[in-house]
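Reading the structure
These are the residues of each chain, in order.
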Amino acid sequence: MVPVPKELLDFIRNGTSFIVAGHEEPDGDCVGSQLALTSLLRRLGKKAVPCSAGPFKRTEIKPYEGRFLPCPTEKEGLRVIVMDCSLRERVGDLPIDGLLSAAVDHHASGNFWGTVSYLDPHAPAAALMTERIFRALGEEPTVEEAELLLFGLCTDTGFFRHLDETGTETFLAAARLTAAGASPKKAFAAIHGGKTLNSRILMGTALAKAKPYYGGRLLLSGTTLEESEQYGMESRDSDAIYQVLQSVEGVEAMALLRQENSEECTLGLRSRDRIDVAAIAKIFGGGGHKNAAGAKTSGTIAELEEKLTAAFAEWFN
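As a starting point, this report considers the structure included with it. All figures in this text were calculated on a predicted structure; none of them were measured in a lab.

Moving on: the packing of aromatic side chains. Here the structure, examined in full by the defined rule, presents eight aromatic pairs. An angle of 45° between the planes, with centres 5.6 Å apart, marks the rings of Y64 and F151 as tilted. A residue pair is termed long-range when its members are at least 10 positions apart, and Y64 in the loop between β2 (47-51) and β3 (78-83) and F151 in helix α4 (residues 143-156) qualify at 87 residues. Each of the two residues, Y64 as well as F151, counts as buried. Their ring planes at 75° and their centres at 5.5 Å tell us that F159 and F160 sit as a pair that is edge-to-face. Overall, F160 belongs to the buried group, its relative accessible area being 17%. Counting every residue linked through ring pairs, the aromatic cluster contains F159, F160, F171 and F188. A cation sits over an aromatic face here: R79 above F11, 4.9 Å from the ring centre.

If you want it as structure tokens, here you go:
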């Protein structure tokens, strides 16, 4: 565990006005951490505005989209805290350059460009690090803040299925959040419920196209632009596909290619244990965790498939 740096606590205590930012294409961990920290800052008497470049593609975070606001135009005394991200390019077009800045991030890739950083690549979620900030400031979360933090924690741990014997701190944090009034049942319903029939059909299509490589140790599939347009962009549910592919006997890594437009693909990578998919994502201009990473890169699915499978060669040969 990396304790909350005194510099970050001072950064919060000494500031009066904050932007609480996150990365592009936010997920539940990013959104939950942003909104919980925004609420805490306001309770501490600070001005705080949650900002995001979006888009809010995931079904489970769409209910929170309306809570994100335009960035303040008055810059004097304004500070920014970036949650779940430490790379400037991942924040998108938010007007935060030139501001005193801090980052709270659990990703291993990249170096923070700003003033203060709180980085812990061993933490499974930014929400866990945010919960540490609450305790370091001597604050207990409200029911709503606890719900937001548990939502984020459950998102990035796959509802705790990604944790191993080192996960004690995460379970203790979850216990504190439930004691504060957060419901695991409600979090599960928010993350896994509300899916469209088209999303299940699209998932079935992607599963049907999965190809085995290296004797089945790598599984690769993709979603074409035509399929996304047919079933709806909001129907894309990569997490559910990863979960199913990961259950296949003998599989060690999974890769999903999603055509975003005629020139770009989004690449998603997952591994069970030994394979560092963050290192592979870095080859394509991305990053992430050892067992969960991604990138956005130029090319089509057909063009990238050979390059991607070749990138895994050192792990399987």
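Structure's up, so let's keep going.
A few words now on the pattern of salt bridges. Counted by the stated rule, this structure contains 23 salt bridges. As a salt-bridge pair, E227 and K209 come within 2.9 Å of each other at their nearest N and O atoms. Of the two residues, E227 is situated in helix α8 (residues 225-231) and K209 in the loop between α7 (197-208) and β6 (211-213); the sequence distance between them amounts to 18 residues. Using a relative accessible area of 14% as the deciding quantity, one classes E227 as buried. In this structure K209 comes out as partly exposed when scored by relative accessible area, which is 32%. For E252, the salt bridge identified is with R274, shortest N-O distance 2.8 Å. Linking E252 in the loop between α9 (238-246) and β8 (253-259) with R274 in the loop between β9 (264-271) and α10 (277-283), this pair joins segments that are 22 residues apart in sequence. Overlapping salt bridges bring together E25, K57, R258, E260 and K296 as one network.

Rules behind the numbers
Residues numbered from 1 in each chain as written. Predicted model: local features only at pLDDT ≥ 70, side-chain atom pairs only at ≥ 80, totals over all residues. Heavy atoms only, no water. Phe/Tyr/Trp six-rings, centres within 6.5 Å; stacked < 30°, edge-to-face > 60°. Helix = DSSP H or I, 4+ residues; strand = E, 2+ residues; numbered from the N terminus. Buried < 20%, exposed > 50% of the residue type's maximum accessible area, 1.4 Å probe, protein only. Lys NZ or Arg CZ within 6 Å of the ring centre and 35° of its normal. Salt bridge = Lys/Arg side-chain N within 4 Å of Asp/Glu carboxyl O.

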